[in-house]
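Structural features, examined
In case you want the letters, here they are:
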Amino acid sequence: MQLSLELIDRIAQTIQSKIPSRPRIGIILGTGLGGVAEKIQNPIVIPYQELPDWPVSTVMGHTGQLVIGDLEGQPVLAMQGRIHYYEGYSMQQVTLPVRVMQRLGTEILIVTNAAGAIHPDFVPGDLMLITDNLNLAGMSGLNPLIGPNLDEFGPRFPDMSQAYDRQLCALARKVASENKLLLREGVYAGLSGPSFESPADLRFLRIAGADAVGMSTVSEVIVARHGGTRVLGFSGISNKANLDGNTVTLHEEVLAAGQLIVPKLDTVIRGVLRLL
Ligand code: HPA
């Protein structure tokens, strides 16, 4: 797929023709976290298959549809299920939804994911505010902005010094504290997957400053920032990363932890939307 403004606009127009207003907030719901979209009012549901050139998620725990409507009075567009690089899509396909959101007028992107805990204090079921990321896939040459720059969106060399919006992070902390909800904070390391990390990988990530690890999010955030979209990010801690090599990581436990995390994520996201 060659990414072009025409392609992005064709998809944006298809979506716009089905919805009454422009979504101000985009939400990407990670593995097992799709339930957050259930509170959206007056929902218009668009399965990914109905959108031309929209990549379809193939992973269990990702429904694969857009839910567009109102959440706490804000017009939102939520992706119930994302697309990962390891499914065989290009980085440009993985991040195409973010480009479409930008053309629809989205100002804020809320990204969520399931992640393994590298920080020793984090336990499955914890919610972590992402304060920064380690772009490991990008460091290995998998940056979604490789190729001709789309000047309509942003500059060739976008800044990433404050990728996760400080004001939005402050709102998330405020909501968590008002609701007496423990909100962890930390650095998310984004790998390509799909194999989980080896114990040596994880010890390396810990030394490098990562608190949680997963297989998504970072490329979406880069594209969001390139286009000037403000970002708020959360990791739902689904498992303890296995630094000592004595436990096995399973996709099933990642899905099960989602059940614990959805109510917390729901509280924080809706609280932040009320304050915007
Ligand atoms: N590693 C990578 N990705 C993940 C993990 C993990 O331990 N848990 C959920 N997504």
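So, a few notes on the structure that sits alongside this text. Predicted model only: the values in this text are computed from it and were never measured. Residue numbering note: each chain is counted from 1, following its sequence as written. Whole-chain, interface and lining totals are the exception, using all residues; otherwise, since this is a predicted model, local features are given only for residues with pLDDT of at least 70 and side-chain atom pairs are given and counted only at 80 or more. Only hydrogens and water are set aside when side-chain values are computed; all heavy atoms of the structure are taken into account.

**A closer look at the packing of aromatic side chains**
Selection criterion: The pairing test for Phe, Tyr and Trp rings, Trp by its six-membered ring, is centres within 6.5 Å, and the orientation test on the planes gives stacked under 30 degrees, edge-to-face over 60, and tilted for anything in between. Burial classes follow relative accessibility: with a 1.4 Å probe on protein chains only, a residue under 20% of its type's maximum area counts as buried, one over 50% as exposed, and anything between as partly exposed. For a Lys NZ or an Arg CZ to count as sitting over a ring, it must be within 6 Å of the ring centre and within 35 degrees of the ring normal.
The full count for this structure, using the stated rule, is one aromatic pair. Centroid distance Tyr 48 to Trp 54: 5.5 Å. Interplanar angle 35°. Geometry classified as tilted. Residue classification places Trp 54 among the buried positions, given a relative accessible area of 5%. Above the ring of Phe 153, the side-chain terminus of Arg 99 is found at 4.2 Å from the ring centroid.

**Focus on the packing of helix H2 (residues 91-104) against helix H6 (residues 218-226)**
Between two packed helices, the angle of one axis relative to the other and the distance separating the axes together describe the packing. This is how the line gets drawn: The axes used here are C-alpha line fits, helices contributing only the stretch in contact, and every angle between their N-to-C directions lies in the interval 0 to 180 degrees. Only DSSP runs of H or I reaching four residues or more are called helices, and only runs of E reaching two or more are called strands; each is numbered from the N terminus. Comment on the angle field: the value is read as roughly parallel under 35 degrees, roughly antiparallel over 145, roughly perpendicular from 65 to 115, and oblique elsewhere. Left-handed describes a crossing whose near helix is turned anticlockwise from the far helix through less than a right angle; right-handed describes the clockwise counterpart. Residues are treated as being in contact if the distance between any of their heavy atoms lies within 4.5 Å. Residues are grouped as follows: Ala, Val, Leu, Ile, Met, Phe, Trp, Tyr, Cys and Pro are nonpolar; Asp, Glu, Lys and Arg are charged; all remaining types, including Gly, are polar.
Close contact between H2 and H6 brings their axes to 9 Å; oriented N to C, the two are set at 40°. Regarding the angle of H2 to H6, the classification is oblique. The interaxial crossing formed by H2 with H6 has right-handed handedness. Packed against H2, whose contacting residues are Met 91, Val 94, Thr 95, Val 98, Arg 99 and Gln 102, the element H6 presents Ser 219, Glu 220, Val 223, Ala 224 and His 226 at the interface. Along the lines of polarity and charge, the residues of the contact of H2 with H6 split into five nonpolar, four polar and two charged.

**Overview of the site of the ligand**
Short version of the rule: The rule for a residue being near a molecule or strand is that one of its heavy atoms must lie within 4 Å of it. Pairs of N or O atoms within 3.5 Å make up the polar contacts considered here, provided that, within protein, one atom can donate a hydrogen while the other can accept it, and that residues adjacent in sequence are counted only when both atoms are side-chain atoms. Using a 1.4 Å probe, accessible areas were evaluated by the Shrake-Rupley method; residue-level cover was limited to the displayed protein chains.
Around the ligand, the surrounding shell consists of Ala 114, Ala 115, Gly 116, Phe 196, Glu 197, Val 213, Gly 214, Met 215, Ser 238, Asn 239 and Val 254. A distance of 3.3 Å is found between a nitrogen atom of the ligand and a backbone nitrogen or oxygen belonging to Ala 114. For the ligand, a nitrogen atom lies 2.8 Å from a polar atom in the side chain of Glu 197. Protein chains bury 95% of the 260 Å² of accessible surface belonging to the ligand in isolation. Those elements that place two or more of their residues in the shell around the ligand are strand E5 (108-117), strand E8 (212-214) and strand E9 (230-240). Across the shell around the ligand, the residue classes break down as six nonpolar, four polar and one charged.

These figures capture arrangement, not role.
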